[in-house]
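For reference, the chains in residue letters:
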Amino acid sequence: MSDETVQAVEAAEPDAEIVAPATVAAVPQIDDLGRTYATGKRKDAVARVWIKPGTGTLTVNGRTGEVYFARPVLRMILSQPFQVTERVGQYDIVCTVSGGGLSGQAGAVRHGLSKALNLREPELRGVLKKAGMLTRDSRVVERKKYGKAKARRSFQFSKR
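Described in the following lines is the structure provided in the data block. Here the structure is a predicted model, which means the values were calculated and not measured.

**Here's the deal with the overall build of the protein**
Per the secondary structure count, the protein includes 5 helices and 5 strands. Helices and strands in the protein line up, N terminus first, as α-β-β-β-β-α-α-β-α-α. The buried share among the 160 residues of the protein stands at 29%. Contacts spanning at least 24 positions in sequence make up 66% of the contacts within the protein whose residues lie at least 6 apart.

Below is the structure:
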C-alpha cells in the first residue's frame, strides 16, 4: 500500500491494524474425472478442450488428431503449447471444434490447450503469456461493403 493510503487510514482510525493484501495463489482446476476444461476461440471457430494426464493422444470430434488435422502445419500449431512448456506427451487431449475452417479450428484448439494448461498448472502462466498463447487472436474477416465486390475490392472499372 502507498504511504498516502496508510496515512489516510491512520488518520481516520488510529487504532486500526493495517495489513497489506495477500497475493492469492492460483489453485489448479481439476474435475472429478481428473480433467481440466477450457474454451478456445479463433476467427469463427470455437473449441472445447479437456486435458488429463496421459500419453499424449489427441482426439478431435471423435477422430484422431492426425486424421482431423492432416496438414503438418496444423499439427505443429497444436503442439506449440506443449513444446513451450516442455510437457510434450504428458497429457491426453479430447476436444470438440465447430465453426470456421481447419486453420481457424487449429488456432482455437491451441488457444484452448493453452488456457487448460494454465488452469491445470498455474505456474506455467508466465511462459504461456510470454509466448502469446493465452491471448485470443481477435482478427476476424472484414465485412463486405455495398458498392464493392468484396470488403475492399472494387468492381472492374470501365472507362466507356
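**Here's the deal with the layout of surface pockets**
Here the largest pocket defines a volume of roughly 240 Å³. Secondary-structure elements contributing two or more residues to the lining of the largest pocket are α2 (65–68), α3 (72–85) and β5 (91–98). When residues of the lining of the largest pocket are assigned to their parent elements, the largest contribution, 4 residues, is made by α3. The residue inventory of the lining of the largest pocket, partitioned by class, reads 6 nonpolar, 5 polar and 2 charged. In this structure, the second largest pocket occupies an estimated 180 Å³ of space. Surrounding the second largest pocket, 13 residues form its lining, R42, I77, G107, R110 and D137 being those nearest its centre.

**Re helix α4 (residues 102–120)**
The α-helix winds at 3.6 residues per turn, so residues separated by three or four positions along the chain end up facing the same way. The end-to-end C-alpha distance of α4, which contains 19 residues, comes to 26 Å, matching closely the 27 Å that a straight helix rising 1.5 Å per residue would cover. Of all 19 residues in α4, 14 are buried; the element is thus mostly enclosed.

**Details of the packing of α3 against α4**
At a minimum axis separation of 8 Å, α3 and α4 run at an interaxial angle of 15°. As far as their axial angle goes, α4 and α3 are roughly parallel. The handedness of the crossing between α3 and α4 is right-handed. Contact with α3, carried on its side by L74, I77, L78, Q80, P81, F82 and T85, involves L102, S103, A106, G107, V109, R110, L113, S114 and L117 of α4 and no other residues of that element. In the contact of α3 with α4, the residues fall into 10 nonpolar, 5 polar and 1 charged.

Rules of the game
Residues numbered from 1 in each chain as written. Predicted model: local features only at pLDDT ≥ 70, side-chain atom pairs only at ≥ 80, totals over all residues. Heavy atoms only, no water. Helix = DSSP H or I, 4+ residues; strand = E, 2+ residues; numbered from the N terminus. Buried < 20%, exposed > 50% of the residue type's maximum accessible area, 1.4 Å probe, protein only. Contact = heavy atoms within 4.5 Å. 1 Å grid on protein atoms, 1.4 Å probe; cavity = no way out; pocket = protein on both sides within 12 Å on 5 of 7 lines; lining within 4 Å. Points joined across faces, edges and corners; volume = space filled by probe spheres on them. Nonpolar A, V, L, I, M, F, W, Y, C, P; charged D, E, K, R; others polar. Expected span 1.5 Å × (residues − 1). Axes fitted to C-alpha atoms, helices over the stretch in contact; angles between N-to-C directions. Parallel < 35°, antiparallel > 145°, perpendicular 65-115°, else oblique. Left-handed = near helix turned anticlockwise from the far one by under 90°.

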